[in-house]
Amino acid sequence: SQQGEEDPQALSIQEGENATMNCSYKTSINNLQWYRQNSGRGLVHLILIRSNEREKHSGRLRVTLDTSKKSSSLLITASRAADTASYFCATVAGSYQLTFGKGTKLSVIP
Amino acid sequence: DAMVIQNPRYQVTQFGKPVTLSCSQTLNHNVMYWYQQKSSQAPKLLFHYYDKDFNNEADTPDNFQSRRPNTSFCFLDIRSPGLGDAAMYLCATSDTTSGRLGETQYFGPGTRLLVL
């Protein structure tokens, strides 16, 4: 069953702007991950944040996690046209299996 | 480069005609997964192999089977494809050996299945 729910479902921004996507989940987790999927392709792991972490950075990506609200956000700063993709959050509640949310489709307009 | 490879990238089959999708990996990971992803939806886990142990998801139809003859290869067999089985099928791997938690998954490019 799906655990995460992304918000918004679709987001369109101009190149150079920041993009923020949110993810909510229902049960306790060990970690939360964000993946990117270019159209018609496989998923690529972006970043993992553990349940005892509140914020993590990787390049232009910033992820926050609020376990009390069971929510996470992914911020992409200074977006580029190449960032156009679908972004999925995925949670790990037990050992190693992922449960994906429905995804946010990001369009970055040059 | 170490990677997950899926063949073919596109597969067309006829209603009811058995079809096999292939996945291979050069990462030497011990866990391999098969996901089904329909248009604009999240990937849905069908089953996974933990080493040689097969783990089926409770809601995976019996029509879907899998084989893992060795560490590197894993196959998805659809015995009698229906129109509703048209989707992208994604193979992924993770590594739980040597103390690794296997939390991050590495995906292949997917095989898009069309059922006529």
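Relevant structure appears above.
What this report covers is the structure whose coordinates are included nearby. The shown structure was predicted, so the numbers you read here are calculated from the model rather than taken from an experiment.

**Notes on the sheet that holds strand β3 (residues 19-24) of chain A**
All names here are of chain A.
Now for step 1: Read from one edge to the other, the open sheet built from five strands follows the order β1-β3-β8-β7-β6, with strand pairing classed as antiparallel. Looking along the sheet, the strands with just one partner apiece sit at the ends: β1 (5-7) and β6 (55-58). Across the sheet, the mean angle from the axis of one strand to that of its neighbour is 20°, orientation sign disregarded.
Now for step 2: Of the pairings in the sheet, the one linking β6 to strand β7 (residues 61-66) comprises four bridges and is antiparallel in character. Across the sheet, the residue bridging to Ser 58 is Leu 61, located in β7.

**Looking at the environment of B:Phe64**
Residues and elements named next belong to chain B.
Now for step 1: Here Phe 64 lies in strand β7 (residues 64-67).
Now for step 2: You can call Phe 64 buried: its relative accessible area is 5%.
Now for step 3: Considered as a pair, Phe 64 and Phe 15 are 49 residues apart in the sequence and their alpha carbons are 14 Å apart.
Now for step 4: Contacts of Phe 64, omitting those with residues within four sequence positions, involve Gln 36, Leu 46, Phe 47, Leu 76, Asp 77, Ile 78, Asp 85 and Tyr 89.

**A word on the packing of aromatic side chains**
Now for step 1: Within this structure, the stated rule accounts for 11 aromatic pairs over all chains.
Now for step 2: For the ring pair A:Phe100 and B:Phe107, a centre distance of 6.2 Å and an interplane angle of 70° mean the geometry is edge-to-face. You can see A:Phe100 sitting in strand β10 (residues 99-100) and its partner B:Phe107 sitting in strand β10 (residues 106-107), one on each of two chains. Across this residue pair, the class does not change: A:Phe100 and B:Phe107 are buried.
Now for step 3: Taken together, the ring pairs in this structure connect A:Tyr35, A:Phe88, A:Phe100, B:Tyr33, B:Tyr35 and B:Phe107 into an aromatic cluster.

**As for the interface of chain A and chain B**
Now for step 1: Between chain A and chain B, the residue contacts involve 20 residues of the former and 25 residues of the latter.
Now for step 2: Roughly 1700 Å² of surface becomes buried between chain A and chain B when both sides are summed, with 51% attributable to carbon and sulfur atoms.
Now for step 3: Run the count over chain A and chain B and you get one salt bridge.
Now for step 4: Residue A:Arg50 pairs with B:Glu103 through a salt bridge whose shortest N-O separation is 2.9 Å.
Now for step 5: Applying the counting rule to chain A against chain B returns seven residue pairs in polar contact (both at pLDDT 80 or more).
Now for step 6: Elements with a contribution of two residues or more to the side of chain A that touches chain B: β4 (31-37) and β5 (43-50) of chain A.
Now for step 7: Partitioned by chemical class, the residues of the side of chain A that touches chain B number seven nonpolar, 10 polar and three charged.

**Observations regarding the pattern of salt bridges**
Now for step 1: Under the defined criterion, the tally for this structure stands at six salt bridges over all chains.
Now for step 2: Measuring nitrogen to oxygen at the nearest pair gives 3.9 Å for the salt bridge that ties A:Glu53 to A:Lys56.
Now for step 3: Under the relative-accessibility criterion, A:Glu53 is labelled partly exposed at 25%.
Now for step 4: Across the pair B:Lys44 and B:Asp59 runs a salt bridge whose closest N-O atoms are separated by 3.4 Å. Of the two residues, B:Lys44 sits in strand β5 (residues 44-50) while B:Asp59 sits in the loop between β6 (53-56) and β7, which places them 15 residues apart along the sequence.
Now for step 5: Looking at B:Lys44, the relative accessible area reads 32%, which means it is partly exposed.

What counts and how
Within each chain, residues carry numbers counting from 1 in the order of the written sequence. Chain letters and ligand numbers both follow the written order, the letters beginning at A and the numbers at 1. Only residues with pLDDT of 70 or above have their local features reported here, since the model is predicted, and side-chain atom pairs are shown and tallied only from 80 upward, although totals for entire chains, interfaces and linings are computed over all residues. Side-chain measures were taken over the full set of non-hydrogen atoms in the model, leaving aside hydrogen atoms and water. Two strands make a pair as long as DSSP finds a minimum of two bridges between them. Each helix is a run of H or I in the DSSP string that is no shorter than four residues. Each strand is a run of E no shorter than two, and both are numbered from the N terminus. Axes here mean lines fitted to C-alpha atoms, for a helix over just the part in contact, with angles spanning 0 to 180 degrees between N-to-C directions. Exposed residues in this analysis have more than 50% of their type's maximum accessible area, buried residues have under 20%, and partly exposed residues fall in between, with area computed by a 1.4 Å probe over protein chains only. Note on contacts: a residue pair is in contact if any heavy atoms of the two residues lie within 4.5 Å. Pairing of aromatic side chains requires ring centres within 6.5 Å, counting the rings of Phe and Tyr and the six-membered ring of Trp. Pairs whose planes differ by under 30 degrees are stacked, by over 60 edge-to-face, and all others tilted. Here's the idea: put two parts together, see how much 1.4 Å probe accessible area each one loses, and the total over both is what we call buried area. A pairing counts as a salt bridge when a side-chain nitrogen of Lys or Arg comes within 4 Å of a carboxyl oxygen of Asp or Glu. Whenever two N or O atoms come within 3.5 Å, that pair is a polar contact, provided that in protein one can donate a hydrogen and the other can accept it, and provided that, for residues adjacent in sequence, both atoms are side-chain atoms. Under the scheme applied, nonpolar residues are Ala, Val, Leu, Ile, Met, Phe, Trp, Tyr, Cys and Pro; charged residues are Asp, Glu, Lys and Arg; polar residues are all the others, including Gly.

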